[in-house]
Amino acid sequence: MSDLHFTLYTTIDSLPATWDTVAHDNAFLQTPYLRVLEESAPTNMRCFFIGIYEKEHLIGVALAQYLDISKLYSFGERQHCMKTKVRNFAFRRLARHVLFVGNTMITGQNGYTFIKPLAPEDLSRLLRSMADALMRHFKQEGIRIHLVSFKDFYTEDSKALGSRAFRSLFHFSVQPNMIFRLLPSWQNMHDYVADLQKKYRDQYKRAQKKGEGIVCCEMDLSMIQTYEEEMYALYHHVALNAPFNTFFLAKNHFYVFKKQCGDRFKVLGYILEDKMIGFHTLLLNGQTLETYFLGYDAAHQKERMLYLNMLYRMTAFGIENQFQRIIFGRTALEIKSSIGAEPVPMFGFMQHNQPWVQKLLPRLFKNLEPPIRWEQRHPFKKLN
């Protein structure tokens, strides 16, 4: 650890020349995506880019995000019970200024990457040192960070960090990441459908029937700009009806994303009778296909099984372009499992600046992230 140190950066132009070489294996840490955050982050978010050095050599890169919860006009409107109102009140009072080491906008272990293995002891100390440096940075601005969260670790890394410098932090689990591992034997959707049990083949056929008349088209930069208002309204409808939000995307987010990432970022629009009724987005990340934000019209979603058809469309893209897996993220766990995605546990660590709140975090967290009851589906025949 004695040879390791880091530098905080606030602009992409100030990053070292070797940044993308170090971030080669993760598109969410490469400069095209980081420029998206720089140009169109949510209004209540500030991003920090962290270079990790061994002596003078850049060996790792990381991302941190600060959120000002007081600027958020809604945490989500799907749930209106008293428990939710108490949760929202507590969050505004006890966690107005939140620091995330990682990326709150996506699911998965995308907060850092290194070109050489780092011992868990060194990594845990390094991550905590980064958070301490950022808290000092905000203190100089007159901002007191209430809550620090280190987000989205898979089981093995979570256990390793939790037994080191993270030992004193609140260790929590969140909704699983739904990951669909695609079989090499699938060359097209016909192969995929052939491996489904009858019940799920019928589901696929029913969804296709319901979706007749809807035109799905890949949107270029000009089309995204033309439909920007409609896309934002569709996204906003879905976001408002989520159980809990800590940010809302900027209106130009998808346009900036496409401008910066080009063909690696796909936007698929769903048009019915010359009207956009939905869209979804994908990021090509090596052998992994990452699903990103989407939007849809509520009436057509129910009538046309639009969301399910989007999932099948994502699956088709992954199969036809020979990706190894699709990251479907959190939410809608059961329907995602019905097409073949499986839950992968995710964990995080949290620390509040008030010791008495820290002791209450396990109880408070149950209200922030209540357990979701769902039944995992197993859509495939027994495959050899």
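Residues numbered from 1 in each chain as written. Predicted model: local features only at pLDDT ≥ 70, side-chain atom pairs only at ≥ 80, totals over all residues. Heavy atoms only, no water.

## A word on the packing of aromatic side chains
Step number 1: Applying the stated criterion to the full structure yields 29 aromatic pairs.
Step number 2: On the numbers, 5.4 Å between centres and 90° between planes, the contact of Trp186 with Tyr192 is edge-to-face. The burial state of Trp186 is the same as that of Tyr192; both residues are buried.
Step number 3: Here the aromatic rings of Tyr192 and Phe380 are separated by 5.8 Å at their centres, their planes lie at 80°, and the arrangement is edge-to-face. With Tyr192 in helix H6 (residues 189-194) and Phe380 in the segment after helix H14 (355-368), the pair connects residues that are 188 residues apart, well separated along the chain.
Step number 4: Pairwise contacts between aromatic rings join Phe28, Tyr33, Tyr232, Tyr235, Phe247, Phe254, Phe257, Phe265, Phe279, Tyr292 and Phe293 into one cluster. (Phe/Tyr/Trp six-rings, centres within 6.5 Å; stacked < 30°, edge-to-face > 60°. Buried < 20%, exposed > 50% of the residue type's maximum accessible area, 1.4 Å probe, protein only. Helix = DSSP H or I, 4+ residues; strand = E, 2+ residues; numbered from the N terminus.)

## Overview of the pattern of salt bridges
Step number 1: Per the counting criterion, the structure on display carries 15 salt bridges.
Step number 2: For Glu38, the salt bridge is made with Arg35, and the minimal N-O distance between the two is 3.9 Å. Pair noted here: Glu38 and Arg35 are both in helix H2 (residues 31-40), with a separation of three residues, about one helical turn.
Step number 3: In this structure, Glu141 engages Arg46 in a salt bridge whose closest nitrogen and oxygen atoms are separated by 2.9 Å. Of the two residues, Glu141 sits in the loop between helix H4 (120-140) and strand E6 (147-153) while Arg46 sits in strand E2 (residues 45-54), which places them 95 residues apart along the sequence. (Salt bridge = Lys/Arg side-chain N within 4 Å of Asp/Glu carboxyl O.)

## Looking at the pairing of strand E11 (residues 288-296)
Step number 1: Judged by how many residues are buried, E11 sits mostly within the fold: nine of nine residues are covered.
Step number 2: Where strand E10 (residues 275-285) meets E11, seven bridges bridge the pair, whose relative direction is antiparallel. Pairing of His280 across the sheet is with Leu294, part of E11.
Step number 3: In textbook terms, the turn of a hairpin is the stretch between consecutive antiparallel strands, and for E10 and E11 this stretch comprises two residues, one of which, Gly286, has a positive phi near 65°.
Step number 4: The pairing of E11 with strand E12 (residues 325-329) spans three bridges and is parallel. (Pairing = 2+ DSSP bridges.)

## A short note on the environment of Ile145
Step number 1: One can find Ile145 in the loop between H4 and E6.
Step number 2: What makes Ile145 buried here is its relative accessible area of 6%.
Step number 3: Linking Ile145 and Leu99, residues 46 residues apart in sequence, is a C-alpha distance of 6.8 Å.
Step number 4: Residues in contact with Ile145, not counting those within four places in the same chain, are Tyr66, His97, Leu99, Met135, Phe138 and Asn353. (Contact = heavy atoms within 4.5 Å.)

## Things to note about helix H12 (residues 306-320)
Step number 1: With 15 residues, H12 extends 21 Å between its outermost C-alpha atoms, agreeing within 8% with the 21 Å of an ideal straight helix rising 1.5 Å per residue.
Step number 2: Judged by how many residues are buried, H12 sits mostly within the fold: 13 of 15 residues are covered.
Step number 3: Just downstream of H12 lies Gln322, where phi reads positive at about 60°. (Expected span 1.5 Å × (residues − 1).)

## Re the nonpolar core
Across soluble globular proteins, nonpolar side chains show a tendency to be buried alongside one another.
Step number 1: In terms of nonpolar packing, the biggest core is built from 61 residues, with Leu34, Phe49, Met105, Met231, Tyr235, Phe254 and Tyr292 touching the most fellow members.
Step number 2: Among the elements that take part in this core, helix H9 (residues 228-240) stands out by supplying six residues, more than any other.
Step number 3: Setting aside anything within four residues of it in sequence, one finds Tyr292 in contact with Phe28, Tyr33, Met105, Ile106, His253, Phe257, Phe265 and Thr281.
Step number 4: Counting 39 residues, the second largest nonpolar core, distinct from the first, contains Val193, Tyr200, Ile277 and Ala341. (Core = buried A, V, L, I, M, F, W, Y, C linked by side-chain atoms within 4.5 Å.)

## Quick word on the pairing of E2
Step number 1: For E2, the buried fraction is high: eight of the ten residues fall into the buried class.
Step number 2: In the sheet, strand E1 (residues 4-9) pairs with E2 via six bridges, with the strands oriented antiparallel. Looking at E2, one finds that His5 is bridged to Tyr53.
Step number 3: Strand direction decides the pairing type here: E2 and strand E3 (residues 57-68), joined by ten bridges, are antiparallel. By the bridge assignment for E3, Ile50 is matched with Ala62.
Step number 4: Connecting E2 to the next strand, E3, in antiparallel fashion are two residues, including Lys55 with a positive phi near 60°.

## A look at unusual backbone geometry
Step number 1: Phi is positive for Glu273, close to 55°, though the residue is something other than glycine.
Step number 2: One can find Glu273 in the loop between strand E9 (265-272) and E10.
Step number 3: Classification of Glu273 as exposed rests on a relative accessible area of 73%.
Step number 4: You will see that Asp274, though not glycine, has its phi angle at about 65°, which is positive.
Step number 5: Owing to a relative accessible area of 74%, Asp274 belongs among the exposed residues under this scheme.

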